[in-house]
Amino acid sequence: MCIVMGAQKSIHAGKAKIDVHVDFSHKLCASLMLPTLRNSDSPLSLVIGSLCIKHPNLFGGSEKLDVSWDKGLYDSNILVAYRRPRPKWLAQQSFVLQHSLSPEIGIHGIPVNNFSRSGSGGVNLSRLSVGLDLKEPASTKWSSSTSIKFEHVRPLNDDGHSISRDHDGLPLTCSGSPHDSMVVLKQESRYAKANDCSFFHFNLQIEQGIPVLSKWLIFNRFKFVASKGIKLGPAFLLTRLTGGSIVGDMAPYQAFSIGGIGSVRGYGEGAVGSGRSCLVANSELTVPLNKMLEGAVFLDCGTDLRSGHLVPGNPALRRGKPGCGIGMGYGLRFKSQFGHFQVDYAINAYQQRTLYFGLSNLAS
């Protein structure tokens, strides 16, 4: 059980707009789906909130400035984006500065309760990136974007101190030092086609590490997501296939994590496996029960394609992850003007049951 109290407020200061959203979450640990990652006596540890500042005309030439800060129970993200106006036939330029801090339970987490949950492995990632985003003008079905960024990644323990090795003494970075640095060129292409009875979405991401300095990472990483939806009378069938691989230099945190609510339900986050490659298939059939409520049945499966041992330190083997898994179950989808609420009940291949809650698309 989780009791959430919150407030949201929008403030206009001249041409700028400030959005503040704060939630005070009081947890009953006996029934929480997420494990306790850190022990903290600070009242701020129970606060979930976001702060967003937007200015539509910073220097009088339609330059846009967005500053946002999001804080979760165990993670935080700060994003500063400055966008210059461009003609419609040219790419939209955005200068982006971002810093995030989050626990790396997908790779270094410890599967518990027959892999239905993931406990903290005591590894957190601090990521700092700065660079340029270029968003190409969209055609009728295709759109694409390109970015080039400098990234600085630093593993931390739960006390916030830099670490270069995990509890087993194996490296957490590719360089072996307390941090990794890299310049990453990323290309993302999206295709979307839809009609009254079906839709098809395809997304392809390709990342190339550029070795500006000899110690910086050089690699190629790609990931694709293909989704197909078909209306079957009053019901709707959704299928999705996700895959990816990485070659070249690699740190453990770059591995593909398999398992969890966005991957294979019935397992904890990353509890199925973590490898240099991955393949995950999802299928879900929803049936309307009334105007606001839908019932769903689903089947998920995923595999690391036997690439877990190719990740430096082989964290999947040391955590006892199976490398492949199947989850199935049923759930409810509640839709309203305030957002979409989702409840899923899943069972994995080890006959362990898991209950998921989700809330998305909140109205502002």
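Residues numbered from 1 in each chain as written. Predicted model: local features only at pLDDT ≥ 70, side-chain atom pairs only at ≥ 80, totals over all residues. Heavy atoms only, no water.

Turning next to the overall build of the protein chain. Within the protein chain one finds two helices and 21 strands. With 364 residues in all, the protein chain has 37% of them scored as buried. Pairs at least 24 residues apart make up 55% of the contacts formed inside the protein chain by residues separated by at least 6 positions. Working note: accessible area of the protein chain is about 19700 Å², and carbon and sulfur atoms make up 62% of it. (Helix = DSSP H or I, 4+ residues; strand = E, 2+ residues; numbered from the N terminus. Buried < 20%, exposed > 50% of the residue type's maximum accessible area, 1.4 Å probe, protein only. Contact = heavy atoms within 4.5 Å. Areas by Shrake-Rupley, 256 points an atom, 1.4 Å probe, with all protein chains shown as cover.)

This next bit is on the pairing of strand S10 (residues 142-156). One ladder, built from 12 bridges, connects strand S9 (residues 124-135) with S10; its direction is antiparallel. In the strand pairing of S10, Leu134 is matched with Thr146. In textbook terms, the turn of a hairpin is the stretch between consecutive antiparallel strands, and for S9 and S10 this stretch comprises six residues. Bridging between S10 and strand S11 (residues 180-194) involves 12 bridges; their strand directions are antiparallel. Residue pairing for S11: Glu151 is matched across the bridge by Met182. (Pairing = 2+ DSSP bridges.)

Below, the discussion takes up the pattern of salt bridges. Scanning the model with the defined rule gives 12 salt bridges in all. Of the charged contacts, one joins Glu188 and Arg190 as a salt bridge, the two residues approaching to 3.4 Å between their closest N and O atoms. In this structure Glu188 comes out as buried when scored by relative accessible area, which is 15%. Through salt bridges with shared partners, one network takes in Arg265, Glu284, Asp300, Arg333 and Asp344. (Salt bridge = Lys/Arg side-chain N within 4 Å of Asp/Glu carboxyl O.)

Think of a pair of aromatic rings as described by two things: how far the centres are apart, and how the planes are tilted against each other in angle. Applying the stated criterion across every chain, the model contains seven aromatic pairs. Between Tyr330 and Tyr345, the aromatic rings sit 5.4 Å apart at their centres with planes inclined by 40°, giving tilted as the arrangement. Taken together, the positions of Tyr330 in strand S19 (residues 324-336) and Tyr345 in strand S20 (residues 339-348) put the pair 15 residues apart, joining distant regions of the chain. Judged by its relative accessible area of 29%, Tyr345 is partly exposed. (Phe/Tyr/Trp six-rings, centres within 6.5 Å; stacked < 30°, edge-to-face > 60°.)

Here we take up the pairing of strand S12 (residues 198-210). Consecutive side chains of a regular strand alternate in pointing toward one face of the sheet and then the other. Across 12 bridges, S11 lies against S12 in antiparallel orientation. By the bridge assignment, Glu188 is partnered in S12 with Gln205. For S12 and strand S13 (residues 219-232), the ladder comprises 11 bridges, and the chain directions are antiparallel. Within S13, the position partnered with Leu204 by the bridge is Phe224.

With that settled, the discussion passes to the confidence of the model for the protein chain. Put simply, the protein chain has an average pLDDT of 86, and 85% of its residues get 70 or more. Across residues 24-37, confidence stays below pLDDT 50; counting only partners more than four residues off in sequence or on other chains, it has 34 contacts. (pLDDT = per-residue confidence, 0-100.)

Before going further, it helps to examine the nonpolar core. In terms of nonpolar packing, the biggest core is built from 22 residues, with Met182, Phe219, Tyr253, Ile258, Val264 and Tyr267 touching the most fellow members. Listing elements by their share of this core, those giving two or more residues are S11, strand S15 (256-258) and strand S17 (277-288). With near-sequence residues (within four places) excluded, Met182 lies in contact with Lys149, Phe150, Glu151, Val153, Trp216, Leu217, Phe219, Tyr253 and Gln254. (Core = buried A, V, L, I, M, F, W, Y, C linked by side-chain atoms within 4.5 Å.)

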